[in-house]
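A structural walkthrough
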Amino acid sequence: MALRLAARKLRSDVSPMRSWASLLHSHATSFGYREVREEEKSMMVSDVFSNVASNYDLMNDLMSGGLHRLWKDRLVSKMNPFPGMKHLDMAGGTGDVAFRILETINSIRRRARQSTFDLQDETRIYVCDINPNMLNVGKNRAVERGLVEERSLTWVEEDAEALSFEDLSMDGYTIAFGIRNMTHIEKVLAEAYRVLKRGGRFLCLELSHVEVPVFKDLYDHYSFSIIPAVGELIAGDRESYQYLVESIHRFPSQEKFASMIAEAGFQKVEYENLVGGVVAIHSGLKI
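Read on for an overview of the structure. (Residues numbered from 1 in each chain as written. Predicted model: local features only at pLDDT ≥ 70, side-chain atom pairs only at ≥ 80, totals over all residues. Heavy atoms only, no water.)

Digging into the pattern of salt bridges
Applying the stated criterion across every chain, the model contains 12 salt bridges. Between arginine 69 and aspartate 61 there is a salt bridge, with its nearest N and O atoms 2.8 Å apart. Look at aspartate 61 and you get partly exposed, because its relative accessible area is 23%. Between aspartate 96 and arginine 100 there is a salt bridge whose closest N-O contact spans 4.0 Å. Taken together, the residues aspartate 96 and arginine 100, both in helix 6 (residues 96-114) and 4 residues apart, mark about one turn of the helix. Overlapping salt bridges bring together Lys72, Asp73, Asp96, Arg100 and Arg141 as one network. (Salt bridge = Lys/Arg side-chain N within 4 Å of Asp/Glu carboxyl O. Buried < 20%, exposed > 50% of the residue type's maximum accessible area, 1.4 Å probe, protein only. Helix = DSSP H or I, 4+ residues; strand = E, 2+ residues; numbered from the N terminus.)

Next up, the structure:
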């Protein structure tokens, strides 16, 4: 309703000729519940994550009750990392997923050494994010974990819609809680498909849609009333967390997003709902 009213007001404020000119030279996209120009969205999203970067991990714990850690564990277990793999973790600036992948691979290495099996590998995990502030958070966390000299980790500022990596260069691609913030989701999926090798896997962990009626009502109340208030209390930033909540509700349903992954060329597309659909893990295979 609010969008329709806004559209009526816009039409009444500009002449037909000016409206046609605007449509010819720009396209609208969503920023939460607002309609903005495509060229504006990436800057606005960047501002949001610059604002929340320093409190990102704390707020994730508060908003999910710590469950985001289990969800990321599940994501990595479904990826099934292996020594020598080339992996791209997109929108992974804080390192949460990359650290888990590295820990899994190091565990395999230790077991191989104990069994006297000589496991040689050149593992490369590319932690990619378009926001340098988020990458700095991850780099600082790597220092705290004693991983500053870990050659397997590479931190790269990248646009998910136009990656610099070569075709068929990656064994795996993960993106956690990031794709709903992208302007052109179809371009992100196309780029993921392009850089993956044959047999490479795409996995996406994203906040999704709850369908159980009573649970949905409770979740919606929590999302719109509690999360922005906690953001204001802890991070002093209600507006950014209001956008993050709205972006969840604007994101496609599980079925629709699965169809988008399939349309990008992936096979064996499936999704797993967690906590009744609060989050979902989508996966696809490049054959």
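Still to come is the rest of the account.
Let's talk about the packing of aromatic side chains
Applying the stated criterion across every chain yields a total of 7 aromatic pairs. Note on tryptophan 71 and phenylalanine 177: the rings are 6.4 Å apart at their centroids and 65 degrees apart in plane angle, and the pair reads as edge-to-face. Pair noted here: tryptophan 71 is in helix 5 (residues 67-79) and phenylalanine 177 is in the loop between strand 6 (170-176) and helix 8 (185-195), with a separation of 106 residues, a long-range link. The residues tryptophan 71 and phenylalanine 177 share a single accessibility class, namely buried. Among the aromatic residues, ring-to-ring pairing joins Tyr173, Tyr193, Phe202 and Phe266 into one connected group. Against the face of tyrosine 193 rests lysine 286, its NZ or CZ located 4.5 Å from the ring centre. (Phe/Tyr/Trp six-rings, centres within 6.5 Å; stacked < 30°, edge-to-face > 60°. Lys NZ or Arg CZ within 6 Å of the ring centre and 35° of its normal.)

So, the packing of helix 8 against helix 11 (residues 254-263)
One can describe the packing of helix 8 onto helix 11 by two numbers: an axis separation of 9 Å at closest approach and a directional angle of 45 degrees. Here helix 8 is positioned oblique relative to helix 11, judged by the angle of their axes. In this structure, helix 8 crosses over helix 11, and the sense of that crossing is right-handed. Together, Ile185, Glu186 and Leu189 of helix 8 and Phe257, Met260 and Ile261 of helix 11 make up the contact between the two elements. Residue composition of the contact of helix 8 with helix 11, by class: 5 nonpolar, no polar and 1 charged. (Axes fitted to C-alpha atoms, helices over the stretch in contact; angles between N-to-C directions. Parallel < 35°, antiparallel > 145°, perpendicular 65-115°, else oblique. Left-handed = near helix turned anticlockwise from the far one by under 90°. Contact = heavy atoms within 4.5 Å. Nonpolar A, V, L, I, M, F, W, Y, C, P; charged D, E, K, R; others polar.)

As for the packing of helix 4 (residues 56-64) against helix 5
In the contact formed by helix 4 and helix 5, the axes pass within 7 Å of each other and the chain directions differ by 100 degrees. In this view, helix 4 runs roughly perpendicular relative to helix 5, as classed from their interaxial angle. In contact with Asp57, Asn60, Asp61 and Ser64 of helix 4, helix 5 contributes Leu67, His68, Arg69, Trp71 and Lys72. A per-class count over the contact of helix 4 with helix 5 returns 2 nonpolar, 3 polar and 4 charged.

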